Amino acid sequence: MDFDAVIIGGGACGLMCAVQAGFLGKRTLILEKNDAPGAKILISGGGRCNYSNLYSSNDNFISQNQHFTKSTFSRWSVEDTISFFETYGIYGEEKTLGQLFPASNNAKDIVNVFTQLCNELGQTVYCNAEVKAIKAEHDRFDIIYEREGEQIQLKTQKVVIASGGLPISKMGATDFGLRIARQFGINITETAPALVPLTITGKDAEWFAELSGNTVFCAVSNDRITFEENILFTHWGLSGPAILQISSYWRPGEWINIDLLPGKDIVKLIMEERESNGKKQLLSFLSALYSRKFAAALEKFLPIDKNLATLTKADLDLIHAHIHHFRVKPAGDKGYDKAEVMRGGVDTNELSSKTLESKKIPGLYFGGECVDVTGWLGGYNFQWAWASGFIIAQNI
Ligand SMILES: Cc1cc2nc3c(=O)[nH]c(=O)nc-3n(C[C@H](O)[C@H](O)[C@H](O)COP(=O)(O)OP(=O)(O)OC[C@H]3O[C@@H](n4cnc5c(N)ncnc54)[C@H](O)[C@@H]3O)c2cc1C
């Protein structure tokens, strides 16, 4: 069969690419390793799929070339994502911070849109089809894939690498995109797990473990960025949205600053309280701000048994330091099996920002997570996957 392009990977980017190419009358073949397309869409957002973000802007993406996504997002915006899904009966509901979920709360509805459209548009999807190799021959590519124990070879002029990133190998994740880039001499920026929980080891580990299950609203920062959201204590360290967000900006060996009372001044609050209630214990004062368990755990650092009236200047300085500048040095992260995305990937300098085609290898396109474009937590990564799939479809 003749296809205008072969798309490797039937995830968010590959599916959008096939559908948009279909709208333009182009025939594509998706080769997907799993037994069904859209595995990560199905598990995303806790099975509800946070499919875009109302406030998405260039600043919500990390890339060595911070301007690279501008061209893509100018041609496929959040409004385009919203109206695309609305056309097929999926209406978005904002949960928090602009995060859009289908009103049905069911990620399956998103995948169904693509499988139905692929059918209607005559786009071919082969599942259980793992691509093993790509060879370039003059102006064509030889794709070698395995399906039902058979090794099959096909020729095509255009290949779309939409094979995702490294997180969660049991869901089909492979290093295929990176391998192909290397094979063709295309540079890759350093890759690492991102949107990932961070681990704490050593003498403080037990303190964190004992607080497992507690959440605190914080401002978590390093010298590059600050996120105000919850942190979650776990048996092995820290998780929760604020930690996942900062993890994408964290490098091993670095400290993270946690303001446990963002936007307020703990010393000022104590001074106000002690005017009328000097006999109040610090523990009881802190318990009004945090869970009783967390307030009690602050005993490790603060004189929580003292009355507010008896706190000295040195005590107040200590309290200020621990509440507003609680510093942690994570030992590491939980790795690709717990990460939502991969940071880094195919160097954007190697791709045309207008078409996402390799500058070195005409006919070879890269989209979605295998490219060095990493979104924040909150629907941004799907926004990039849909947008990059759309752009490639216009150009294959
Ligand atoms: C637990 C979890 C929750 C998430 N929740 C959200 C969320 O709510 N919102 C959000 O924006 N982002 C979320 N993400 C991130 C989002 O899922 C990814 O950014 C997005 O799926 C990337 O799309 P993609 O098409 O590039 O890759 P993928 O969706 O990963 O698709 C790649 C496909 O390629 C296939 N493949 C790989 N190698 C081969 C090969 N050699 N041959 C054939 N097929 C191959 C894989 O099986 C896979 O189906 C979440 C991620 C995880 C892990």
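Source: prediction; values computed, not measured. (Residues numbered from 1 in each chain as written. Predicted model: local features only at pLDDT ≥ 70, side-chain atom pairs only at ≥ 80, totals over all residues. Heavy atoms only, no water.)

*Asks:* Help me understand the domain arrangement of the protein chain in this model?
*Replies:* For interface size, the figure often reported is the accessible area lost on association. Split into domains, the protein chain comes out as domain 1 (5–192 + 342–395) and domain 2 (197–334). Here the C-alpha centroids of domain 1 and domain 2 sit 39 Å apart. Counting residues at the interface gives six residues for domain 1 and 10 residues for domain 2. The contact between domain 1 and domain 2 buries some 710 Å² in all, and 58% of this surface belongs to carbon and sulfur atoms. It is R343, W376 and L377 in domain 1 that bury the most area against domain 2; as a group they hold 66% of the surface buried on that side. (Domains from an automatic or database assignment. Contact = heavy atoms within 4.5 Å. Buried area = accessible area lost by both parts, 1.4 Å probe.)

*Asks:* What am I meant to see in the nonpolar core here?
*Replies:* Nonpolar side chains in soluble globular proteins tend to be buried together. I134, F366 and W386 are the most contacted members of the largest nonpolar core, which totals 118 residues. Structurally, this core is a two-domain feature, drawing no fewer than three residues from each of domain 1 (5–192 + 342–395) and domain 2 (197–334). Leave out the neighbours within four places in its chain, and W386 touches A12, M16, I41, Y51, W76, T81, F85, I110 and F114. (Core = buried A, V, L, I, M, F, W, Y, C linked by side-chain atoms within 4.5 Å. Buried < 20%, exposed > 50% of the residue type's maximum accessible area, 1.4 Å probe, protein only.)

*Asks:* Please explain the packing of helix α2 (residues 39–47) against helix α5 (residues 107–121) as it appears in this structure.
*Replies:* When two helices pack together, their arrangement is given by the angle between the helix axes and by the axis-to-axis distance. One way to put it is that α2 packs onto α5 with a least axis distance of 8 Å and a crossing angle of 155 degrees. Put simply, α2 runs roughly antiparallel to α5. In terms of crossing hand, the pair formed by α2 and α5 is right-handed. Contact residues: I41, L42 and G47 in α2; A107, K108, I110 and V111 in α5. (Axes fitted to C-alpha atoms, helices over the stretch in contact; angles between N-to-C directions. Helix = DSSP H or I, 4+ residues; strand = E, 2+ residues; numbered from the N terminus. Parallel < 35°, antiparallel > 145°, perpendicular 65-115°, else oblique. Left-handed = near helix turned anticlockwise from the far one by under 90°.)

*Asks:* Please clarify how the environment of Q151 should be interpreted in this entry.
*Replies:* Within the element layout of this structure, Q151 appears in strand β10 (residues 150–156). By relative accessible area, which is 54% here, Q151 ends up exposed. For the pair Q151 and A129, spaced 22 residues apart in sequence, the C-alpha to C-alpha distance is 9.5 Å. In contact with Q151, not counting residues within four places along its chain, are I144, Y145 and E146.

*Asks:* What exactly am I supposed to notice about helix α1 (residues 12–23) here?
*Replies:* The terminal C-alpha atoms of α1, which comprises 12 residues, lie 17 Å apart, in line with the 16 Å expected from a rise of 1.5 Å per residue. Within α1, 11 of the 12 residues are buried, which leaves the element mostly enclosed by the surrounding structure. Positive backbone phi, at 80 degrees, marks G25, one or two positions downstream of α1. (Expected span 1.5 Å × (residues − 1).)

*Asks:* Help me out: how do you make sense of the packing of helix α9 (residues 266–277) against helix α12 (residues 313–324) in this one?
*Replies:* One way to put it is that α9 packs onto α12 with a least axis distance of 9 Å and a crossing angle of 130 degrees. Taken as axis vectors, α9 and α12 run oblique relative to one another. In this structure, α9 uses I266, V267, I270, M271 and R274 to contact α12, whose residues at the interface are L316, I319, H320, I323 and H324. The residue makeup of the contact of α9 with α12, split by class, is seven nonpolar, two polar and one charged. (Nonpolar A, V, L, I, M, F, W, Y, C, P; charged D, E, K, R; others polar.)

*Asks:* Explain the sheet that holds strand β7 (residues 124–126) to me, please; I cannot follow it from the model alone.
*Replies:* Either a parallel or an antiparallel arrangement is found when strands of a sheet pair, and the pairing is made through backbone hydrogen bonds. Read across the sheet, five strands follow the order β7-β2-β1-β11-β21 without closing on themselves; strand pairing throughout is parallel. Of all the strands in the sheet, just β7 and β21 (364–366) have a single pairing partner and so form its edges. Taken over all neighbouring pairs, the strand axes of this sheet differ in orientation by 20 degrees on average, direction set aside. Note: strand β11 (residues 159–161) against β21, three bridges, orientation parallel. Bridge pairing links V159 to L364 in β21. Its contacts with the sheet place α1 against β1 (5–8), β2 (28–31) and β11, and it is angled at close to 165 degrees to β2. (Pairing = 2+ DSSP bridges.)

*Asks:* I would appreciate a short explanation of the site of the ligand in the present structure.
*Replies:* Residues in contact with the ligand amount to 35 residues; listed here are only the nearest, E32, N50, T174, E369 and F382. Contact distances for the ligand include 3.1 Å between a nitrogen atom and a backbone N or O atom of K33. In the model, a nitrogen atom of the ligand is placed 2.6 Å from a nitrogen or oxygen of the T174 side chain. Taken by itself the ligand offers 1,000 Å² of open surface, and the protein chains cover 94% of this. Across the shell around the ligand, the residue classes tally to 15 nonpolar, 14 polar and six charged. (Near = heavy atom within 4 Å. Polar contact = N/O pair within 3.5 Å; in protein donor to acceptor, adjacent residues only side chain to side chain. Areas by Shrake-Rupley, 256 points an atom, 1.4 Å probe, with all protein chains shown as cover.)

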